[in-house]
Amino acid sequence: MSEAATKPVEVPDDGDMDLVVRAASLCNPFLDGLGEVTLLVRGSLVTSVMNWNESLYQRFLLAALRDVQIHAAAGGSFEIAAVDCRLDAELRGSAGSRSRDAGKRLVSGLLAPRGDRMIERYRCAVLAGDSPGHLAVIHALRASVFHLSPGITAASYLLQEGTGAGLNGREITRYLIAPLSASAICGGSFSVEGVAAGS
Amino acid sequence: MSKGVKPRAIFNLPYHTASVATPSIQWSNRQRTIKISLPKVRRIIEAALPMCVSKPYHKRFQLPSKVEITFLGESAIAKIHGYFLGDPTPTDVITFEHGEILIGAPVAAANARRFIHPVDHELALCAIHGFLHLLGYDDLKDKERKIMHVRQEEILEAALRHVC
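## Concerning the overall build of chain B
- Scanning chain B for helices and strands turns up 5 helices and 4 strands.
- Overall, chain B shows an N-to-C arrangement of helices and strands of β-α-β-α-β-β-α-α-α.
- Put simply, chain B has 164 residues, and 40% of those count as buried.
- Contacts in chain B between residues far apart in sequence, at least 24 positions, make up 72% of those at least 6 positions apart.

In structure tokens:
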């Protein structure tokens with residue numbers, strides 16, 4: 001691996017959204033063409049986001065993102081496959097199939113970044129149908145190659161979910177990233193000025 | 001939304017029937033604790049809306065084309081309050097700039113009892129408060145809060161005169 005490949009991406013403390021966007025583009029260059037993954041906005045945006053957070057993101061997806069990064073750092077391909085299979089059992093119905101489809105589209109359209117052997121092996125396993133290849137797993141794998149922090153990995157995954165659900169940049173920042181991963185990225189410094197509460 | 005600030009005076013606010021762009025409003029009631037006369041609240045808001053729109057805090061502020069007003073129970077509004085604003089206590093109204101106004105009906109009802117006026121009027125006041133937020137009004141600083149509260153009371157009074 002070249003020196004550039006091992007140099008970590010600098011993660012600023014202030015949670016710069018540009019970095020999150022860059023990270024999402026690095027992990028998924030097909031971001032613009034991404035359709036709905038597991039977040040579906042039907043009716044109230046607030047309710048949709050909260051329900052998705054409770055039922056899928058906090059329960060399954062966030063754990064998968066974290067576990068894959070931990071196992072990728074330790075070089076544990078089997079463990080990553082186990083996380084992928086676990087997520088496959090947890091994400092039921094159409095959410096599961098959309099997540100698998102998005103992950104497969106990502107691995108089939110790309111070579112492993114920087115010729116990373118673990119990703120290449122995993123890519124072959126997904127394309128051969130030996131592993132489900134959920135988007136969260138592929139995303140976290142690619143994020144680990146680029147040495148992205150868990151916070152930036154989670155935020156850039158949220159950006160993908162939000163983009164797929166048709167949210168604009170402000171909505172993604174304010175309703176997805178700020179409340180869900182502010183503490184992980186920047187200690188809560190993301191602004192939520194778009195939300196006003198009575199007191 | 002506190003009602004600690006008394007309006008200076010209720011002027012004869014003109015009822016604007018002019019062609020100002022008002023959004024389509026979608027109402028929903030997702031709580032059963034407080035009995036709400038939705039047609040009555042809707043009539044008040046229909047009268048209030050042109051007045052809200054006629055005087056945004058700044059001309060660059062416009063209402064979204066569609067606004068959802070949802071009445072929630074105490075635990076639901078507390079959950080949303082905690083999730084988006086880091087304060088998991090029930091509140092009377094939360095406004096999201098994309099056009100969602102969530103009203104904690106039990107808290108609004110408690111405020112109505114406190115200020116001795118009908119629950120429907122308080123619910124309408126919460127909705128007006130939400131519209132004013134969408135139009136750029138804010139209540140974080142004292143001075144801004146006073147301006148906003150005077151404005152919302154004026155609008156409610158004028159709307160009630162129009163409806164009743």
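Resuming the write-up.
## Quick notes on the overall build of chain A
- Secondary structure assignment for chain A yields 9 helices and 1 strand.
- Taken from the N to the C terminus, the helices and strands of chain A come in the order α-α-α-α-α-α-α-α-α-β.
- For chain A, contacts bridging at least 24 residues in sequence account for 70% of all contacts bridging at least 6.

## Quick word on the environment of Lys40(B)
All names here are of chain B.
- Along the chain, Lys 40 turns up in helix 1 (residues 38-54).
- Exposure remark for Lys 40: the 16 C-beta atoms within 10 Å place this residue in the partly exposed category.
- Residues Lys 40 and Gly 73, spaced 33 residues apart in sequence, show a C-alpha to C-alpha distance of 20 Å.

## Considering helix 2 (residues 17-27) of chain A
- For helix 2 of chain A, the full list of buried residues reads Leu19(A), Val20(A), Ala23(A), Ala24(A) and Cys27(A). The arc that holds every buried residue of helix 2 of chain A, seen down its axis, measures 135 degrees, which confines them to one face.

## Topic: the pairing of strand 4 (residues 100-104) of chain B
All names here are of chain B.
- The buried fraction of strand 4 amounts to 5 of the 5 residues, a majority that puts the element mostly inside the structure.
- Neither face of strand 4 is left uncovered, since the one carrying Glu 100, Leu 102 and Gly 104 and the one carrying Ile 101 and Ile 103 both have all their residues buried.
- Sheet analysis places strand 3 (residues 93-96) next to strand 4, joined by 4 bridges and oriented antiparallel. Each residue of the ladder has a partner; that of Phe 96, found in strand 4, is Glu 100.
- As consecutive antiparallel partners, strand 3 and strand 4 are separated by 3 residues, and within that stretch Gly 99 has a phi angle of approximately 115 degrees, a positive value.

## With respect to the pairing of strand 2 (residues 66-72) of chain B
Residue and element names in this part refer to chain B.
- Most of strand 2 is tucked away: 6 of the 7 residues are buried.
- The β-α-β motif built from strand 1 (residues 24-30), the intervening helix 1 and the parallel element strand 2 has left-handed crossover chirality.
- When strand 2 meets strand 4, the two strands line up parallel, connected through 5 bridges. Across the sheet, residue Ile 69 finds its bridge partner in strand 4, namely Ile 101.

## Quick word on the nonpolar core
- Counting 98 residues, the largest nonpolar core has Val137(A), Ala48(B), Ile103(B), Leu123(B), Ala124(B), Ala127(B) and Ile128(B) as the members making the most contacts within it.
- With 12 residues, helix 3 (residues 45-73) of chain A is the largest single contributor of residues to this core.
- In contact with Ala48(B), other than residues within four places in its own chain, are Ala124(B), Ile128(B), Ile155(B), Leu156(B) and Ala159(B).

## Overview of the environment of Leu38(B)
- Turning to its location among the elements, Leu38(B) is positioned in helix 1.
- For the pair Leu38(B) and Arg60(B), spaced 22 residues apart in sequence, the C-alpha separation works out to 31 Å.

## Remarks on unusual backbone geometry
- Positive phi outside glycine occurs at His147(A), with the angle close to 55 degrees.
- Phi at Ile116(B) takes a positive value of approximately 50 degrees, unusual for a residue other than glycine.
- Assignment of secondary structure puts Ile116(B) in the loop between helix 3 (105-114) and helix 4 (119-134).
- Residue classification places Ile116(B) among the exposed positions, given that 6 C-beta atoms sit within 10 Å.

## Considerations on the environment of Leu65(A)
All names here are of chain A.
- Counting through the fold element by element, Leu 65 comes out in helix 3.
- Taking the C-beta count within 10 Å as the criterion, Leu 65 has 24 such neighbours and is therefore assigned buried.
- In this structure Leu 65 touches Ala 136, Ala 140, Thr 153, Ala 154 and Tyr 157, once residues within four positions along its chain are discounted.

## A short note on the packing of helix 4 (residues 77-90) of chain A against helix 7 (residues 135-145) of chain A
Residues and elements named next belong to chain A.
- Packing of helix 4 against helix 7 brings their axes to within 9 Å, and their N-to-C directions diverge by 150 degrees. Between helix 4 and helix 7, the angle falls in the class roughly antiparallel. Every residue of helix 7 that contacts helix 4 at Ile 80, Val 83, Asp 84 and Leu 87 is listed here: Ala 136, Val 137 and Leu 141.
- Here the residues of the contact of helix 4 with helix 7 sort into 6 nonpolar, no polar and 1 charged.

## Section: the confidence of the model for chain A
Residue and element names in this part refer to chain A.
- Taken residue by residue, chain A gives an average pLDDT of 83. The fraction at 70 or more is 82%.
- Averaged pLDDT values over the elements of chain A bottom out at 36 in helix 1 (residues 3-6) and peak at 96 in helix 4.
- Counting interchain partners and residues more than four positions distant, the pLDDT-below-50 stretch residues 1-14 has 14 contacts.
- Across residues 182-193, where pLDDT falls below 50, the model places 23 contacts with residues more than four positions away in sequence or in other chains.

## What to know about the packing of helix 3 of chain B against helix 4 of chain B
All names here are of chain B.
- Their axes nearest at 8 Å, the elements helix 3 and helix 4 cross at an angle of 120 degrees. If you check the angle between helix 3 and helix 4, you find them oblique. Crossing angle aside, the handedness with which helix 3 passes helix 4 is right-handed. Residue-level inspection shows Ala 105, Ala 108, Ala 109, Asn 111 and Ala 112 of helix 3 in contact with helix 4, the latter providing Val 119, His 121, Glu 122, Leu 123 and Cys 126.
- In the contact of helix 3 with helix 4, the residues fall into 7 nonpolar, 2 polar and 1 charged.

About the thresholds
- Residues numbered from 1 in each chain as written.
- Chains lettered and ligands numbered in written order.
- Predicted model: local features only at pLDDT ≥ 70, side-chain atom pairs only at ≥ 80, totals over all residues.
- Helix = DSSP H or I, 4+ residues; strand = E, 2+ residues; numbered from the N terminus.
- Buried ≥ 20, exposed ≤ 12 C-beta atoms within 10 Å, placed from the backbone.
- Contact = placed C-beta atoms within 7 Å.
- Arc of directions from axis to C-beta.
- Pairing = 2+ DSSP bridges.
- Right-handed = clockwise from strand over helix to strand, strands pointing away.
- Core = buried A, V, L, I, M, F, W, Y, C linked by C-beta atoms within 7 Å.
- Axes fitted to C-alpha atoms, helices over the stretch in contact; angles between N-to-C directions.
- Parallel < 35°, antiparallel > 145°, perpendicular 65-115°, else oblique.
- Nonpolar A, V, L, I, M, F, W, Y, C, P; charged D, E, K, R; others polar.
- pLDDT = per-residue confidence, 0-100.
- Left-handed = near helix turned anticlockwise from the far one by under 90°.

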